[in-house]
Amino acid sequence: QLDHWNRQQLATIPPGPNGQRPTLATGHRASASLARRYGLAELPLVDAHSSSAVLRPEALLEVVAELRRRQVRRLFAEPGPTPKALQRISQLAGVPIHPQPLVVDGLGRAANGPQSLMATLVANTCAISEGLGGRCDRAAGQALIQRWQAVGASSS
């Protein structure tokens, strides 16, 4: 059900320039499988010789040029303080950082503690879809979360 819902949400993202697949640009490689599964182009904002906190100057210029070439709509950070390298990339490329971070390691946080796995996945899908110019059916996402909670409650 989550896979079907994800496909519906991510299919609302308009294509990039010249009909290219929309680009998911993040500071973490954990989104690569999601991008492949749902037809998004992935653009990691770090290289093999750096961390998300430090980026070699030549790699920084390459990333900025690629963001501009692909006309990327938003960059996605992880929860917590936004790394300086990501802030710098955003400034140089003129691409804003989406206000809702992607939780790629662990569970998201709610006001009353950790979110469920399903709530974290739904929140990530909505952030990506809306951040890249698509829509998110939050009511259907909430229904998935409730079904997930019902399964957990019945198995306890």
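Quick summary incoming for the structure in this document. Computed from a predicted structure; not experimentally measured.

### As for the pattern of salt bridges
1) Next: A full pass over the atoms with the stated rule returns five salt bridges.
2) Next: Of the charged contacts, one joins R37 and D3 as a salt bridge, the two residues approaching to 3.1 Å between their closest N and O atoms. Residue R37 is found in helix α2 (residues 32–37), and its partner D3 is found in helix α1 (residues 2–10); the two are separated by 34 residues along the sequence.
3) Next: Note on R37: relative accessible area 48%, which makes it partly exposed.

### Some remarks on the nonpolar core
1) Next: In terms of nonpolar packing, the biggest core is built from 14 residues, with A25, L45, L67, V72, L75, I89 and V95 touching the most fellow members.
2) Next: Sorting the residues of this core by element identifies α3 (57–70) and α4 (84–93) as the ones contributing at least two each.
3) Next: Here this core takes four residues from α3, the largest share from any one element.
4) Next: One finds I13, L24, A35 and Y38 within the second-largest nonpolar core, a separate group that totals 11 residues.

### Re α4
1) Next: Taken together, the buried positions of α4 are A85, L86, I89, S90 and A93. Buried residues along α4 cover an arc of 140° about the axis, so they all sit on one side. Of the exposed residues in α4, the ones pointing more than 90 degrees away from its buried face are K84 and Q91.
2) Next: Looking at the buried positions of α4, the neighbouring elements they touch are α3 and β3 (75–76).

### Observations concerning the sheet that holds β3
1) Next: Spatially, three strands are ordered β2-β1-β3 in an open sheet, and the strand pairing comes out parallel. Two strands close off the open sheet at either side, each with one partner strand: β2 (41–44) and β3.
2) Next: With two bridges connecting them, strand β1 (residues 23–26) and β3 associate as parallel partners. Each residue of the ladder has a partner; that of T26, found in β3, is F76.
3) Next: In the packing of α3 onto the sheet, the strands contacted are β1, β2 and β3, and the crossing angle to β2 comes to about 155°.

Parameters at a glance
- Residues numbered from 1 in each chain as written.
- Predicted model: local features only at pLDDT ≥ 70, side-chain atom pairs only at ≥ 80, totals over all residues.
- Heavy atoms only, no water.
- Salt bridge = Lys/Arg side-chain N within 4 Å of Asp/Glu carboxyl O.
- Helix = DSSP H or I, 4+ residues; strand = E, 2+ residues; numbered from the N terminus.
- Buried < 20%, exposed > 50% of the residue type's maximum accessible area, 1.4 Å probe, protein only.
- Core = buried A, V, L, I, M, F, W, Y, C linked by side-chain atoms within 4.5 Å.
- Arc of directions from axis to C-beta.
- Contact = heavy atoms within 4.5 Å.
- Pairing = 2+ DSSP bridges.
- Axes fitted to C-alpha atoms, helices over the stretch in contact; angles between N-to-C directions.

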